[in-house]
Amino acid sequence: MFQKEVYAERRLKLKKEIQGGIALFMANQEAAFNYPANTYAYRQDSHFSYFFGLNHPGFAGVIDLDNGKEILFGDDVEIDDIIWMGPQPSVTDQAAQVGINEVYAFGKLEDYLKKAIAAGRTVHFLPPYRGAMMITLGHLLGIAAHEVKAKASIPLIKAVIKLKEIKSELEVAEIEKAIDIAWLMHTTAMKMAKPGIIEQEIAGTIEGIALAHGGPVSFPVILSVDGQTLHNHSHHNVLKEGRMMVVDAGTETQTLYASDITRTVPVGGKFSTRQKDIYEIVLKANIDSIAAIRPGVEYRDVHLIASKIITEGLKTLGLMKGNTDDAVAAGAHTLFLPHGLGHMMGMDVHDMEGLGENYVGYDEETKRASQFGTAYLRLGKKLKPGFVLTDEPGIYFIPALIDKFRNEGLFKDFVNYDKVETYKDFGGIRIEDDILVTENGRRILGRPIPKTIADVEATCAEPREWLKIPGVF
Ligand code: GLY
Ligand code: MN
Ligand code: MN
């Protein structure tokens, strides 16, 4: 947890962003894994944590936007809880740690909200993403559970995004801790990528590294020699020479800040010529598009820079043809890059995505494209200093997509389908870094993780050793 002044300042800023009413932030509840007492590892709601800091289930935080009061609702533990969980600080003591001195039992929240509603006051709340929370909020606010999400407060959504999209130095330092741990996760995966290993051995090891540094992974590890499947969570393949292994993984700090890094390595540690050719194109797209990141630039344009580099590169290999600008305008490159260049990152790996992608990644000036592939770009709007985002171009040979485009006669002027057929066994390559937009440009965050061919090959050749990232927690 940060010092209490951090949370007090965030709440103060929020009060200046919205006129009137009550802002209600619900802490996450415990979530059952396979029966009620056997729960998933607890994960606090990111927005509650941002304003109220406490990593405790079942609380609610209220900011009264009319009189400035800040209240925490929550229950002290009983002796039964202490037997199972050990002694716990009182709610009052916990509240004091984040600068709040008005505390009530959780059971008082319903009455408090009903009185406010009866007095005609607006209760602003964010859209819930868990079914149980929809039921709880529905009950507290007198709304049918299935309507709660749609009744979330747009002014609160916009205000929260406005505050959270600009990361402070403190937040960037947390993100860099998460990336430093990801450095160890990824370099370990590189050293383990030998023929005969099962993907799950590597996936389990790198998830263990995250856990050993105090965090969970920031999303389920994506690790596969079938990297053409973009988010492949199945880890049963045996590594074989000739395949590329995509590893997309990161962790969270105890303050919930994420890392999200992708590296792609050849099984056995040496790139073939064919692998090198494709890898160099993705690497150039990653490096050159990162170089284009600066305040005032629309991220959609940065996405287009990467798309053009990929098209140019595939043309030199004879996989694409024709005029590059025309090919990208038509969307032909989306056969190979069917996703966006990146997304905001912060306390959620896709930061604030639950508030609505279009609120986070787009605005009045920049509207989401409708074209296949480009429409999946989660961040298109103009960049500002303090944004933290990912840059993650890739090239994928997805047999089903190749067949579909070919059968539909799409992009015949830009795609050499006969040649593409010979790459159907290739898999995919993605390279992803986490970037801070600075006053004048950008900074790649965290300890550099090998990504040139020479550095990846050198790391793959190193023996694996258990390391601890010093000074992280
Ligand atoms: N880790 C998921 C993503 O890169 O968006
Ligand atoms: Mn990723
Ligand atoms: Mn990402």
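Placed above this text is the structure.
Residues numbered from 1 in each chain as written. Chains lettered and ligands numbered in written order. Predicted model: local features only at pLDDT ≥ 70, side-chain atom pairs only at ≥ 80, totals over all residues. Heavy atoms only, no water.

(A) Looking closely at the packing of aromatic side chains. Here the structure, examined in full by the defined rule, presents 17 aromatic pairs. With centroids separated by 4.8 Å and ring planes inclined at 35°, the aromatic side chains of F25 and F51 adopt a geometry described as tilted. Of the two residues, F25 sits in strand β1 (residues 22-26) while F51 sits in helix α2 (residues 46-52), which places them 26 residues apart along the sequence. With a centroid separation of 4.8 Å and 65° between ring planes, the pair formed by F271 and Y279 is classed as edge-to-face. Side by side, F271 and Y279 carry an identical accessibility label, which is buried. Through pairs of rings, three or more aromatic residues link up here, namely F25, F48, Y50, F51 and F52. The aromatic ring of F52 is capped on one face by R11, whose charged end is 5.4 Å from the ring centroid. (Phe/Tyr/Trp six-rings, centres within 6.5 Å; stacked < 30°, edge-to-face > 60°. Helix = DSSP H or I, 4+ residues; strand = E, 2+ residues; numbered from the N terminus. Buried < 20%, exposed > 50% of the residue type's maximum accessible area, 1.4 Å probe, protein only. Lys NZ or Arg CZ within 6 Å of the ring centre and 35° of its normal.)

(B) Highlighting the sheet that holds strand β14 (residues 433-437). A sheet is described by the order of its strands in space; here three strands give the open sequence β11-β14-β15, paired in antiparallel fashion. Two strands lie at the open edges of the sheet, namely β11 (388-391) and β15 (442-444), each paired on one side alone. Strand-to-strand, the axes of this sheet are offset by a mean angle of 35°, without reference to chain direction. In this sheet, β15 lies alongside β14 in antiparallel orientation, the contact comprising three bridges. Paired with L436 across the strands is R443, a residue of β15. (Pairing = 2+ DSSP bridges. Axes fitted to C-alpha atoms, helices over the stretch in contact; angles between N-to-C directions.)

(C) Layout of the layout of surface pockets. Space inside the largest pocket adds up to approximately 950 Å³. Taken together, 34 residues make up the lining of the largest pocket; nearest its centre are R43, Q44, R130, S218 and E252. Taken as a whole, the second largest pocket encloses approximately 430 Å³ of empty space. Lining the second largest pocket are 18 residues, with K158, Y359, Y362, D363 and E364 sitting closest to its centre. Elements represented by at least two residues in the lining of the second largest pocket include exactly α7 (154-164) and α13 (357-361). When residues of the lining of the second largest pocket are assigned to their parent elements, the largest contribution, four residues, is made by α7. (1 Å grid on protein atoms, 1.4 Å probe; cavity = no way out; pocket = protein on both sides within 12 Å on 5 of 7 lines; lining within 4 Å. Points joined across faces, edges and corners; volume = space filled by probe spheres on them.)

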